[in-house]
Amino acid sequence: MENNLKKAEKTKRVKWFGEARFGMFIHWGLYSILARGEWVMDLEKIPKEEYALLAKKFSPRKFNVNEWCSLAKEAGMKYIVFTAMHHDGFSLFDSNVSDFTSVKTGSKRDFVAEFVEACRQAKIKIGIYYSLRDWRYPAFFNGPMKNPKEWKKLVEYVHSQVKELMSNYGKIDVLWYDGAPLPPPDRPGAWDNFTLQEAWQSKKLNKMVRKLQPQVLINDRSKLPEDFATPEQYIPTAAPEIRAPDRPWESCVTMNDNWGYSKADSNWKSTRQLIQDLVRCVSSSGNFLLNIGPKQDGTIPVPSVKRLKEIGKWMKVNSESIYGCRSAPFRGGMVGLTTAKGNTVYLHVFRCPGKEICIAPVKRKIKSAHLLATGEKVSVVQNGERLFLKDLPKKQIDPYDTVIKLRLV
Ligand code: GLC
């Protein structure tokens, strides 16, 4: 009985998420000053005292979170997940349990407050990323066994900060944990006898979160499954645990090779690939969380802006094939992928072979077909399991993905 109730509550809770399908991830913090990605403190073993000096310098003159929100909206994104604190331990919010915050140092600003306010104004759902990992705490590296007292302090600090984030900023839509590690292979024994969720007291933590924010969606990175799974840098298409219909998931993906701003990283994915990735997620009933890594001054790298605007142009006429859609009763064969909503299937044509397309097997009867962007009619012939779409315009209409809307009988 209770289980059914819990299930029904969850279904209700995750409804908007499954309809939204497309969100923005933002990695921004002190590491943006160094411009070598968000792992720079650990990868270069920068002593924490030296790293802390960056906080004095952090004064992002051009930070305008309203602009971030309008760009997300222009791209067709429905929610934003913002790094309130990453593994370096620097809080972009006011905290009673830390002095290493943006409010108590150089900038004297509460960026989480500004972010939340801007999202509310723009009517974008609000996601908060919080790292359970804090590299400044030796306890984190030692694990809970070596020094249980120190570990307890770390866990208390984490719980207090999550409580602050869930209490001080009004309604929050997504809590996006990160950073609970696997037992470090080079420190065998550090985590013995503790499952990770016991170590972080995740059950207790999330119970508190749900009490404060009953509607919030919680991701799976506190080592409890909660509301949705978070495949990172890949898009699952076959894994049964992820494709299970009642298990929402969201792939988070970077536009180049880094989450945080990296000056030397020019390995940008093409707009075409990003649109295909979005469609690929939706075609397997998942969400796509696409990252930007703003610079220290708060501006977004030009290649990211360009791509988001291009995606937005495509979304403007094709978003119907994304929002509220899921996997379709038949696949796109060699031309592309399919998404579906109710009695409509959207065929995403990434590779148009010419004036005619054939996909198979299609076991459903098609009533009509149109180009989604223009409404132009497409002729349909069905021969057994083979569906032919004929007399297509010679030139592919969309440089990235021409969507054909198929109405099923
Ligand atoms: C990883 C990384 C982190 C990044 C995150 C995004 O856990 O440690 O830097 O924020 O993935 O999914």
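Analysis parameters
Along every chain, residues carry numbers that run from 1 in the direction the sequence is written. The model is predicted, so local features are restricted to residues of pLDDT at least 70 and side-chain atom pairs to those at 80 or more, both for listing and for counting; the totals for chains, interfaces and linings are taken over all residues. Where side-chain values are given, they derive from all heavy atoms of the structure, hydrogens and water being excluded. Put simply, buried Ala, Val, Leu, Ile, Met, Phe, Trp, Tyr and Cys residues joined by side-chain atoms within 4.5 Å make one nonpolar core. Type-normalised accessible area, obtained with a 1.4 Å probe on protein chains alone, sets the label of each residue: buried when under 20%, exposed when over 50%, and partly exposed for intermediate values. In this description a helix means any DSSP run of H or I spanning at least four residues, a strand means any run of E spanning at least two, and both kinds are numbered starting from the N terminus. As used throughout, domain bounds are those supplied by an automatic or database domain assignment. Contact definition: two residues touch when any of their heavy atoms are within 4.5 Å. Distances are taken per atom, and a residue is near a molecule or strand as soon as one of its heavy atoms is within 4 Å of it. Two N or O atoms form a polar contact when they lie within 3.5 Å of each other; inside protein one atom must be a possible hydrogen donor and the other a possible acceptor, and for residues adjacent in sequence the pair counts only when both atoms belong to side chains. For every accessible area listed, the method is Shrake-Rupley and the probe measures 1.4 Å; residues are considered covered only by the protein chains on display. Each residue is assigned to one of three groups, with Ala, Val, Leu, Ile, Met, Phe, Trp, Tyr, Cys and Pro labelled nonpolar, Asp, Glu, Lys and Arg labelled charged, and all others, Gly among them, labelled polar. We treat two strands as partners when DSSP finds at least two bridges between them. Convention adopted: a line fitted to C-alpha atoms gives each axis, helices being fitted over their contacting stretch, and angles between N-to-C directions are expressed from 0 to 180 degrees. One side-chain nitrogen of Lys or Arg within 4 Å of one carboxyl oxygen of Asp or Glu is enough to make a salt bridge. Any Phe, Tyr or Trp ring, taking Trp's six-membered ring, that has another such ring centre within 6.5 Å forms a pair; planes under 30 degrees apart are called stacked, those over 60 apart edge-to-face, and the others tilted. When an angle is under 35 degrees it counts as roughly parallel; over 145 it counts as roughly antiparallel; between 65 and 115 it counts as roughly perpendicular; any other value is oblique. Here a crossing is called left-handed whenever its near helix is offset anticlockwise from the far helix by less than a right angle, and right-handed whenever the offset is clockwise. To estimate the expected span of a helix, subtract one from its residue number and multiply by 1.5 Å.

## Structural notes on the nonpolar core
Working step 1: By size, the foremost hydrophobic cluster in this structure holds 93 residues, and its most contacted members are V112 and V162.
Working step 2: Counting residues per element, this core draws most heavily on helix α9 (residues 148-167), at eight residues.
Working step 3: Counting residues domain by domain, this core receives three or more from each of domain 1 (2-321) and domain 2 (336-408).
Working step 4: Ignoring anything within four residues of it in the chain, the contact list for V162 reads Y130, L175, Y177, L205, M208 and V209.
Working step 5: With 20 residues, the next largest nonpolar core counts F330, V349, V362 and I404 among its residues.

## Digging into the site of the ligand
Working step 1: Around the ligand sit 13 residues in total, of which H27, E38, W39, H86 and H87 are the nearest.
Working step 2: Side-chain polar atom of H87 to an oxygen atom of the ligand: 2.8 Å apart, as the coordinates give it.
Working step 3: Side-chain polar atom of Y129 to an oxygen atom of the ligand: 3.3 Å apart, as the coordinates give it.
Working step 4: For the ligand, whose unbound accessible area comes to 310 Å², protein coverage reaches 90%.
Working step 5: Of the residues contributing to the shell around the ligand, the split by class is six nonpolar, three polar and four charged.

## Some remarks on the sheet that holds strand β2 (residues 79-85)
Working step 1: Strand order across the open sheet formed by seven strands is β5-β4-β3-β2-β1-β7-β6, with parallel pairing between neighbours. Since the sheet does not close on itself, it has two edges, and those belong to β5 (217-218) and β6 (250-253), each with one partner.
Working step 2: Direction of pairing for strand β3 (residues 125-131) relative to strand β4 (residues 174-178): parallel, over a ladder of five bridges. Bridge pairing in β4 links S131 to D178.
Working step 3: The sheet contacts of α9 involve β2, β3 and β4, and relative to β3 the element is tilted by about 165°.
Working step 4: Relative to the sheet, helix α14 (residues 302-318) contacts β1 (22-26) and β7 (287-292), its axis offset from that of β7 by approximately 150°.

## Observations regarding the pattern of salt bridges
Working step 1: Per the counting criterion, the structure on display carries 19 salt bridges.
Working step 2: The partner of K15 in a salt bridge is E19, with the nearest N and O atoms 3.4 Å apart. Of this pair, K15 and E19 both sit in helix α1 (residues 2-20), four residues apart, which is roughly one turn of that helix.
Working step 3: Across the pair D173 and K171 runs a salt bridge, and its minimum N-O distance is 3.5 Å.
Working step 4: When its relative accessible area of 6% is taken as the criterion, D173 is described as buried.
Working step 5: Residue K171 is classed as partly exposed on the basis of its relative accessible area of 45%.

## Looking at the packing of aromatic side chains
Working step 1: Across all of its chains, the model carries 26 aromatic pairs by this definition.
Working step 2: Residues W28 and F111 carry aromatic rings whose centres are separated by 5.1 Å and whose planes lie at 85° to one another, so their mutual orientation is edge-to-face. With W28 in the loop between β1 and α2 (31-34) and F111 in helix α7 (residues 111-122), this residue pair connects regions lying 83 residues apart in the sequence. Of the two residues examined, W28 and F111, each falls in the buried class.

## Focus on the packing of helix α13 (residues 271-283) against α14
Working step 1: Contact geometry of α13 with α14 gives a least axis separation of 10 Å together with a crossing angle of 55°. Taken together, α13 and α14 sit at an angle that is classed as oblique. For the crossing formed where α13 meets α14, the hand is right-handed. Seen from α13, the contacting residues are T271, L274, I275, L278 and V279; seen from α14, they are R307, E310, I311, W314 and M315.

## Re α13
Along an α-helix, residues three or four positions apart point the same way, because every turn accommodates 3.6 residues.
Working step 1: With 13 residues, α13 should cover 18 Å at 1.5 Å per step; its first-to-last C-alpha distance of 18 Å lies within 8% of that length.
Working step 2: Burial of α13 is extensive: ten of the 13 residues sit out of reach of the surface.
Working step 3: Buried within α13 we find T271, L274, I275, Q276, D277, L278, V279, C281, V282 and S283.
Working step 4: Note on α13: the residue one or two positions beyond its end, S285, has a positive phi of about 65°.

## Things to note about unusual backbone geometry
Working step 1: The omega angle of the peptide bond from A360 to P361 is -5°, so this bond is cis rather than trans.
Working step 2: Position of P361 relative to the elements: it lies in the loop between β10 (357-359) and β11 (366-371).
Working step 3: For K45, which is not glycine, the phi torsion reads 45° and is therefore positive.
Working step 4: Its identity as a non-glycine residue notwithstanding, D391 has a phi of 55°, on the positive side.
Working step 5: Within the secondary structure layout, D391 lies in the loop between β13 (386-390) and β14 (402-408).
Working step 6: With a relative accessible area of 57%, D391 lands in the exposed category.

Function cannot be read off these values alone, since they describe shape.
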